[in-house]
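# Coordinate analysis (summary)
Here is how the chains run, residue by residue.
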Amino acid sequence: MSFWRVVLAIFFPPLAVLGKGCGSLLIVLLLTLCGWVPGVIAALVILNNPER
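Here we summarise the structure given alongside this text. A quick note: this is a predicted structure, and the numbers were derived from the prediction, not measured.

### A few points about the packing of aromatic side chains
Considering all chains together, one arrives at 1 aromatic pair under this definition. Judged by centre distance (5.1 Å) and plane angle (70 degrees), the rings of Phe-3 and Trp-4 are edge-to-face. Classification of Trp-4 as exposed rests on a relative accessible area of 65%.

### Concerning the nonpolar core
Counting residues in each nonpolar core, the largest one holds 8 residues, listed as Ala-9, Ala-16, Val-17, Val-28, Ala-42, Ala-43, Ile-46 and Leu-47. The leading source of residues in this core is helix H4 (residues 36-48), at 4 residues. Excluding residues that lie within four positions of it along the chain, Val-17 makes contacts with Ser-24, Leu-25, Val-28, Ala-43, Ile-46 and Leu-47.

Quick notes on the rules
- Residues numbered from 1 in each chain as written.
- Predicted model: local features only at pLDDT ≥ 70, side-chain atom pairs only at ≥ 80, totals over all residues.
- Heavy atoms only, no water.
- Phe/Tyr/Trp six-rings, centres within 6.5 Å; stacked < 30°, edge-to-face > 60°.
- Buried < 20%, exposed > 50% of the residue type's maximum accessible area, 1.4 Å probe, protein only.
- Core = buried A, V, L, I, M, F, W, Y, C linked by side-chain atoms within 4.5 Å.
- Helix = DSSP H or I, 4+ residues; strand = E, 2+ residues; numbered from the N terminus.
- Contact = heavy atoms within 4.5 Å.

Encoded structure:
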């Protein structure tokens, strides 16, 4: 997980997970629309997952 991806996940979470697949993008986008904090948390969890 690079520094710039973390910064991008904090300011615009859906853009940070753009390369992780359509499902991840949709989940983070929906959570971001529900509230900024859930979107940031989901983006950081997806970016921190070593299996993806």
